[in-house]
Amino acid sequence: MMRPLNEEKVFKDPVHNYIHVQDTTIWRLINTAEFQRLRRIRQLGTSYFTFHGAEHSRFSHSLGVYEITRQIISLFERNQYADWPKEEKLLTLCAALLHDLGHGPFSHSIEEAFDMNHEEWTCRIILGDTEIHNILCEVDPELPAKVASVIAKTYDKPIVVNLVSSPLDADRMDYLLRDAYYTGVNYGTIDIDRIIRMLRPHHGRIVVKESGMHAVEDYLMSRYQMYWQVYFHPVTRSSEMLLRLIFKRAKELYYSGFQFEFMMKPIVSLFEDHLSVEQYLKLDEALIQTAFMQWVMEKDPLLSQLCERFMHRRLYKYVELEPQNLNMINEIREAFVQAGLDPDYDLVVDFPSDLPYDIFHPGDEVSQKQILLLDRQDRLQEISEVSDIVRSISGLHRGKVHLYFPEEKIETALSLFSPSITQIFKDY
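Rules of the game
- Residues numbered from 1 in each chain as written.
- Predicted model: local features only at pLDDT ≥ 70, side-chain atom pairs only at ≥ 80, totals over all residues.
- Heavy atoms only, no water.
- Phe/Tyr/Trp six-rings, centres within 6.5 Å; stacked < 30°, edge-to-face > 60°.
- Helix = DSSP H or I, 4+ residues; strand = E, 2+ residues; numbered from the N terminus.
- Buried < 20%, exposed > 50% of the residue type's maximum accessible area, 1.4 Å probe, protein only.
- Lys NZ or Arg CZ within 6 Å of the ring centre and 35° of its normal.
- Disulfide = S-S within 2.5 Å.
- Salt bridge = Lys/Arg side-chain N within 4 Å of Asp/Glu carboxyl O.

Engineer: Any chance you could explain the packing of aromatic side chains here in plain terms?
Structural biologist: Aromatic ring pairs are reported here in terms of the distance separating the ring centres and the angle at which the planes meet. This model, assessed by the stated rule, comprises 27 aromatic pairs. With a centroid separation of 5.2 Å and 55° between ring planes, the pair formed by Phe 35 and Phe 59 is classed as tilted. Of this pair, Phe 35 sits in helix α2 (residues 33-36) while Phe 59 sits in helix α3 (residues 58-78), placing them 24 residues apart in sequence. In this structure Phe 59 comes out as buried when scored by relative accessible area, which is 6%. Above the ring of Tyr 345, the side-chain terminus of Lys 248 is found at 4.8 Å from the ring centroid.

Engineer: Help me understand the state of the cysteines, please; the structure alone is not making it clear to me.
Structural biologist: Every disulfide links exactly two cysteines, by a covalent bond between their sulfur atoms. Enumeration over the complete set of coordinates arrives at zero disulfides. The structure places no disulfide on Cys 137, whose sulfur is separated from the nearest cysteine sulfur, that of Cys 94, by 12 Å.

Engineer: For this particular structure, what's the right way to read the pattern of salt bridges?
Structural biologist: Should their charged atoms come close, side chains of opposite charge can pair. One pass over the structure, following the stated rule, counts 26 salt bridges. Arg 42 serves as the salt-bridge partner of Glu 285, at 2.8 Å between the closest nitrogen and oxygen. Of this pair, Glu 285 sits in helix α16 (residues 285-295) while Arg 42 sits in the loop between α2 and α3; the two residues are 243 residues apart in sequence, bridging distant segments of the chain. A relative accessible area of 14% places Arg 42 in the buried class. Asp 100 is the partner of Arg 58 in a salt bridge, and the nearest nitrogen-oxygen pair spans 2.9 Å. One end of the pair, Arg 58, is in helix α3; the other, Asp 100, is in the loop between α4 (89-98) and α5 (108-114), with 42 residues separating them in the sequence. Assessed through its relative accessible area of 5%, Arg 58 is described here as buried. One network of salt bridges, in which partners are shared, links Asp 13, Asp 174 and Arg 178.

Nothing here speaks to function; it is geometry throughout.
Written out as structure tokens, the structure is:
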């Protein structure tokens, strides 16, 4: 049940101009300790090493996702679309606002380093002994479980899940616009007003009016470009790998009995893989960077060097590995060993890949992974069946393979490599 505020609250936002909060529950959720923590988690992890403006937070993104969802629901209500379940409004807005609640410091990098899933942590926070859980329970004791099921994509009304998580959802629309704004690129500048106007609730899911196809094509192309030009930028990948190497080395040292000069309990729990919700919520980027600054002074030379590199942006250099040389990776690793280098820390091979759009295949059942167009005869068609542009970028796309390494170590090792391996590294 929606409970209107006595006076609407607004946030000034560089992407959406204003973010409007009209409900008491939403306002209270924003002001919880768990949600405020997102101010201390960057939206783009280590991308600020590449794009200096990319300092925006998960907090601002989450507000943006909420605002887009609010605008879509408002459109549905103004037009009195019969297929929109009005009673799900608060649930949908809560799920949109809280969808990224479980992100850890440096987001996806820490997930890869410790095999974690931010959606699982989001659900744990919502269902745990937290301020957010208590606020939701005051509205309805079943609301926390419902919000968690929307985020886990198991809620029994797919139309609600569609708005928060689908190929054309409020999450993607906000992060494309917001990330483009803060990185200074133009790839993510989509016509969001047109897309929102073209959305329709139809038989239990969200579809797009046929005349909105070109705006959706532009959206999918923007997403494609943002992944390869921003999210998978080689310099950003280098900083992410350095971050994972730091965690790898610190965890190795911890389990070998190394006596750290500086260590904090939340990081110990992270290493031991038994984090409680309370401990997890103490993990933010300020805490991790404090640890890294202290670890620069640790007695282990490798950990010290890795942390010094990360904190002072002395990133690994990289070279592209041509397709014809992919079978040389083991040979390259062995050459590193022969040259006195450690291939586990002095060499990282990166195979980036992305799925811009999961194309529909004839004979398959249409899933929530596809975008459906609604024509004037009330018929549905999957977008890649009518759009050459979408079809051209659909399916798995693999990027260029890069080798990452510490520049100063390669300089001394080049003379020890075979001519074929020296040729690979000569142009870094």
